[in-house]
Amino acid sequence: MRIDLHTHSNISDGTQTPAELVAAAAQARLDVMALTDHDSTAGWAEALEAAHEHGVGLVPGMEISCKTDRGVSVHLLCYLQDPAHPGLLEEITKARTARLSRAERMVELLSEDYPLSWADVNDHVAPGATIGRPHIADALVAAGVVADRSEAFASILTSRSRYFVSHYAPDPVQAVELVRAAGGVPVFAHPVAAARGRVAPPEVFHDMIDAGLLGLEVDHRDNPPEGREWLRKLAAETGMIMTGSSDYHGAGKPNLLGENLTDPSALERILGHGTGTKPFLQ
Ligand code: AMP
Ligand code: ZN
Ligand code: FE
Ligand code: FE
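Residues numbered from 1 in each chain as written. Chains lettered and ligands numbered in written order. Predicted model: local features only at pLDDT ≥ 70, side-chain atom pairs only at ≥ 80, totals over all residues. Heavy atoms only, no water.

(A) Molecular detail of the packing of helix H1 (residues 18-27) against helix H2 (residues 44-54). It is at 8 Å that the axes of H1 and H2 come closest, and there the two elements cross at 35°. Where H1 crosses over H2, the two elements pack in a sense that is right-handed. Judged by residue contacts, Pro18, Ala19, Val22, Ala23 and Ala26 of H1 engage Glu46, Ala47, Ala50, Ala51 and His54 from H2. (Axes fitted to C-alpha atoms, helices over the stretch in contact; angles between N-to-C directions. Helix = DSSP H or I, 4+ residues; strand = E, 2+ residues; numbered from the N terminus. Left-handed = near helix turned anticlockwise from the far one by under 90°. Contact = heavy atoms within 4.5 Å.)

Right, dumping it as structure tokens:
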């Protein structure tokens, strides 16, 4: 069984429509995939239809951008949650609204030094999509400022850049509680990805576990080997489900579908906990 539980479509910052993404998953011989767009479930219906068509199992999901009170970024994957749960919906709506004004502000700052307008950025955002720095990166690529998203993130779009603006994001403990309240399965995404910025300290892991966290994304290209060992030990001690995934973004990132996989027994445990929505499985 080839199971990949972390992918993005153009409903957030992936480059393929949900239907194209599912077709690519079939091409990559995945048996089961999860669609986990940032702060949005708007791609579920289209993905589900394509999953039926291509015979690919689909676990509906989402990736919530969170931030601790110390300003550390935490990404929380969730699976099988009720997409209409009012508390969760309110948080992601608030985050998506904040992402929009934040992107506008970043473009304003960037436009002082680079040939970039809001319309240029908007050209790269699908209608209703969750906007993020990757869309700004795409406009910078089109303007010839950088060669690709990776170069943009390594230079003018890093969180240390003078053009960087932060946005509202829920606290990870609160997000874990909301996901559980919505019948979903919360899994800490790329928890030790040091190259992305500061990593959450152990007390954040323990607070999230106490709040109802159910899993850790151990096998992800951004988790270094020592970090994965630490995660495996933590999972053994606390009973966390361990997952492995690609974090595929279409042409937006080098990550390939199926480059990391999740064990069928881990998927079984996720399916056992998720009560907010139904997966599509063969
Ligand atoms: P934002 O949500 O606006 O803070 O942007 C963060 C998103 O950009 C993450 O979801 C990543 O998938 C994406 N990202 C981060 N680093 C890179 C990179 N080096 N190349 C392409 N995309 C990236
Ligand atoms: Zn992304
Ligand atoms: Fe992430
Ligand atoms: Fe992701």
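(B) Inspection of the packing of helix H8 (residues 202-211) against helix H9 (residues 225-238) at higher detail. As a packed pair, H8 and H9 sit with axes 13 Å apart at the nearest point and diverge in direction by 35°. Of the two possible hands of crossing, H8 and H9 adopt the one that is right-handed. Two secondary-structure elements touch here, H8 through Pro202, Phe205, His206 and Ile209 and H9 through Trp230, Leu231, Leu234 and Thr238. Its residues placed into classes, the contact of H8 with H9 shows six nonpolar, two polar and no charged. (Nonpolar A, V, L, I, M, F, W, Y, C, P; charged D, E, K, R; others polar.)

(C) Representation of the coordination of the iron ion (ligand 3). The coordination sphere of the iron ion (ligand 3) contains the protein donors Glu63 (OE), His75 (ND1) and His190 (NE2), at a distance range of 2.1 to 2.2 Å. With a relative accessible area of 14%, His75 lands in the buried category. By relative accessible area, His190 is classed as buried at 7%. (Donors = N, O, S within 2.8 Å, 3.2 Å for Na, K, Ca; no water. Buried < 20%, exposed > 50% of the residue type's maximum accessible area, 1.4 Å probe, protein only.)

(D) Highlighting the coordination of the zinc ion (ligand 2). Here the zinc ion (ligand 2) is held by the protein donor atoms Asp13 (OD), Asp13 (OD), His38 (NE2) and His249 (NE2), which lie 2.1 to 2.6 Å from it. With six donor atoms in place around the zinc ion (ligand 2) and angles of 53 to 142° between them, the coordination shape is irregular. The sequence motif formed by the donor residues of the zinc ion (ligand 2) is D-x24-H-x210-H. The two metals, the zinc ion (ligand 2) and the iron ion (ligand 3), are separated by 5.7 Å. Taken together, the positions of Asp13 in the loop between strand E1 (3-4) and H1 and His249 in the loop between strand E7 (241-244) and helix H10 (264-273) put the pair 236 residues apart, joining distant regions of the chain. The same class applies to Asp13 and to His249, which are both buried. (Tetrahedral: all angles 85-135°; square planar, octahedral: opposite > 155°, others 65-115°.)

(E) Region of interest: the packing of aromatic side chains. This model, assessed by the stated rule, comprises three aromatic pairs. The structure contains a cluster of three or more aromatic residues connected by ring pairs, namely Phe188, Phe205 and Trp230. Taking NZ or CZ as reference, Lys94 lies 4.3 Å from the ring centre of Tyr168, over its face. (Phe/Tyr/Trp six-rings, centres within 6.5 Å; stacked < 30°, edge-to-face > 60°. Lys NZ or Arg CZ within 6 Å of the ring centre and 35° of its normal.)

(F) Main features of unusual backbone geometry. In this structure, His190 takes a positive phi of about 25° despite not being glycine. Turning to its location among the elements, His190 is positioned in the loop between strand E5 (185-188) and H8. The phi torsion at Asp247 lies on the positive side, around 60°, for a residue other than glycine. Position of Asp247 relative to the elements: it lies in the loop between E7 and H10. Look at Asp247 and you get buried, because its relative accessible area is 2%.

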